[in-house]
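Architecture at a glance
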Amino acid sequence: NSSMHKKVSILLISILFLGCSSGLKSSWGNFTAYYNTYYNAKKSYNAGLQKVLDSKINYNPQQPIRIYEVPINVGTQDFDKAIEKGAEILRKHENSKWVDNSLNLIGKSYYFKKEYFSADQKFQEIALTTNDEALIQESILWRSKVLLEMELYGQGIQYIKEQLSEREDIWKPQKKAELKTILSQYYVQQENWTDAIVQLNEALPNIGIKKYKERGYFLLGQLYERVGNSRGAYNAYKTVEDSYHDYDLQYLALRKRAETARVLGDNGSALNTFTKMVRDDKNTEFKTELDYEIAKTYQ
């Protein structure tokens, strides 16, 4: 009886195998493409990205800050390797399910290498080849960042507006919010503070990543100052503390908050903030300038 069971099992497996040989072949292709190549491409990209993220940002509070990571000259070898491994998938495994993801990795790697023309091509390619909506939305966000770095402000604004209206009902709220914050950065480059403020106010409540929210509200404060709205600026700088990520930016937001309180004639609030900052051990190096601000507030 057990030998009969064995024979039936072997027969079933054979039938299944014959019926699925093309499916198995495709699954095996996906498997080898992933483990031999895509996995390594992603690993290299992540290593490069980590170097970008680990680099200290020196904020200049006098200039409108950037919300998203801009390319700096680090991680180049990692990004080169990611491009090389990704290209291997496109060449050797063109039918695997990792093709679109590879295009995405290659595009992002080119972006961080400041090779914007190549990055732009890859993101446009994804939009044409994939049916994966999440990947399409991702490629739109990255293409928008690329056009911003290329200083193609008019073209970028038009592109983003088209994408927002064409895909109006299918945008994931968080991705739509990210796109609107990128749009605000275009308006900032054009010194169109009013439209930038509108986009940020609509987008920031839906931004889920702390560091982007923190930078976004700081930028909003800077823009309100530029249009002479001290109350709006004060509120935006105050909101920065709800998304604590980077101490340097928190410090600058506190200073700005105290300064705008002073402009609003609320010297009590300004003094409270400056005094609290002086007492914080993390601010020892800024003690002299904070003491000066306190003296100035008393005048």
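Our subject is the structure that appears above.
Just so we're clear, the structure is a prediction, and the values are computed from it rather than from any experiment.

Helix and strand counts for the protein come out as 13 helices and zero strands. Helices and strands in the protein line up, N terminus first, as α-α-α-α-α-α-α-α-α-α-α-α-α. The 299 residues of the protein split such that 47% are buried. Of the contacts formed within the protein by residues at least 6 apart in sequence, a portion of 62% connects residues at least 24 apart. Summing over all exposed atoms, the protein offers an accessible surface of approximately 16200 Å²; the carbon and sulfur share of this is 50%.

Quick look at empty space enclosed by the protein now. Scanning the model with the defined rule gives one cavity of 30 Å³ or more in all. The computed volume of the largest cavity comes to approximately 50 Å³. For the largest cavity, the full set of lining residues is Arg66, Tyr68, Glu69, Val70, Tyr111, Lys145, Leu148, Glu149, Ile182 and Gln185. Secondary-structure elements contributing two or more residues to the lining of the largest cavity are helix 5 (133–149) and helix 7 (173–189). Among the elements that make up the lining of the largest cavity, the one with the highest residue count is helix 5 (three residues). Of the residues in the lining of the largest cavity, the class split is five nonpolar, one polar and four charged.

Remark: helix 6 (residues 153–166) packs on helix 7, axes separated minimally by 10 Å, with the N-to-C direction vectors making an angle of 155 degrees. Put simply, helix 6 runs roughly antiparallel to helix 7. Note that helix 6 runs across helix 7; the crossing there is left-handed. Where helix 6 abuts helix 7, its residues Tyr153, Gly156, Ile157, Ile160, Lys161, Gln163 and Leu164 lie against Lys176, Leu179, Lys180, Ile182, Leu183, Tyr186, Tyr187 and Gln189. Residues of the contact of helix 6 with helix 7, tallied by class, amount to nine nonpolar, three polar and three charged.

Moving on: the packing of helix 7 against helix 8 (residues 193–203). Interhelical geometry of helix 7 versus helix 8 gives an angle of 165 degrees and a closest axis separation of 8 Å. When the interaxial angle is binned, helix 7 and helix 8 end up roughly antiparallel. Handedness of the helix 7/helix 8 crossing: left-handed. Along the contact surface, helix 7 presents Ala177, Lys180, Thr181, Leu183, Ser184, Tyr187 and Val188, while helix 8 presents Trp193, Asp195, Ala196, Gln199, Leu200, Glu202 and Ala203. In the contact of helix 7 with helix 8, the residues fall into eight nonpolar, three polar and three charged.

Enumeration over the complete set of coordinates arrives at twelve aromatic pairs. Judged by centre distance (5.2 Å) and plane angle (85 degrees), the ring pair of tyrosine 111 and tryptophan 142 falls under edge-to-face. Taken together, the positions of tyrosine 111 in helix 3 (residues 99–112) and tryptophan 142 in helix 5 put the pair 31 residues apart, joining distant regions of the chain. Each member of the pair tyrosine 111 and tryptophan 142 is classed as buried. Through successive ring pairs, a cluster of aromatic residues spans Tyr45, Phe79, Tyr111, Phe112, Tyr116, Phe123 and Trp142. Taking NZ or CZ as reference, arginine 143 lies 4.6 Å from the ring centre of tyrosine 159, over its face. Against the face of tryptophan 142 rests lysine 145, its NZ or CZ located 4.0 Å from the ring centre.

Taking 1.5 Å as the rise per residue, helix 6 with 14 residues should run 20 Å; its terminal C-alpha atoms sit 20 Å apart, in good agreement. Looking at the buried residues of helix 6, the elements they touch are helix 5 and helix 7.

What tends to happen in soluble globular proteins is that the nonpolar side chains get buried as a cluster. If you look at the biggest cluster of nonpolar residues, it comprises 55 residues, and the most contacted ones within it are Ile160, Tyr186, Phe218, Leu220 and Leu223. Setting aside chain neighbours within four positions, we find leucine 223 in contact with Val188, Trp193, Ala196, Ile197 and Leu200. Judged by nonpolar contacts, the second largest core, of 23 residues, contains Val52, Trp98, Phe123 and Trp142.

What counts as what
- Residue indices follow the written sequence of each chain, beginning from 1 at its first position.
- Where totals are concerned, whole chains, interfaces and linings use all residues; where local detail is concerned, this predicted model gives features only for residues with pLDDT of at least 70, and gives and counts side-chain atom pairs only at 80 or more.
- The side-chain values count all of the structure's non-hydrogen atoms but skip hydrogen atoms and water molecules.
- In DSSP terms, a helix is any run of H or I states spanning at least four residues, a strand is any run of E spanning at least two, and both are numbered starting from the N terminus.
- When a residue's accessible area, from a 1.4 Å probe over protein chains only, is under 20% of the maximum for its type it is buried; when over 50% it is exposed; and in between it is partly exposed.
- Contacts are residue-level and defined by heavy atoms, with any inter-residue pair within 4.5 Å sufficient.
- Note that accessible areas follow from Shrake-Rupley with a 1.4 Å probe, and for residues the cover is restricted to the protein chains shown.
- Grid points spaced at 1 Å and placed over the protein atoms alone form the basis of the search, with a cavity being a set where a 1.4 Å probe fits but cannot get out and a pocket an open set showing protein on both sides within 12 Å along at least five of seven lines. Lining residues have an atom within 4 Å of a point.
- Grid points are joined across faces, edges and corners, and a volume is the space filled by probe spheres set on the points.
- As a working rule, the residues Ala, Val, Leu, Ile, Met, Phe, Trp, Tyr, Cys and Pro are called nonpolar, Asp, Glu, Lys and Arg charged, and the rest polar, with Gly in that last group.
- Whenever a helix is involved, its axis is fitted only over the stretch in contact; in every case the axis is a line through C-alpha atoms, and angles between N-to-C directions fall within 0 to 180 degrees.
- In these notes the angle categories are as follows: under 35 degrees is roughly parallel, over 145 is roughly antiparallel, 65 to 115 is roughly perpendicular, and the rest is oblique.
- Throughout, a crossing is termed right-handed when the near helix is turned clockwise from the far one, and left-handed when it is turned anticlockwise from it by less than a right angle.
- The rule is short: rings of Phe, Tyr and Trp, with Trp giving its six-membered ring, pair when the centres are within 6.5 Å, and they are stacked under 30 degrees, edge-to-face over 60, tilted in between.
- Lysine NZ or arginine CZ positioned within 6 Å of the ring centre and within 35 degrees of the ring normal marks a charge as sitting over the ring.
- An expected span of 1.5 Å times one less than the residue number is assigned to each helix.
- Take the buried Ala, Val, Leu, Ile, Met, Phe, Trp, Tyr and Cys residues and link them wherever side-chain atoms come within 4.5 Å; each set so joined is a nonpolar core.

Just geometry here; none of it tells us what the structure is for.
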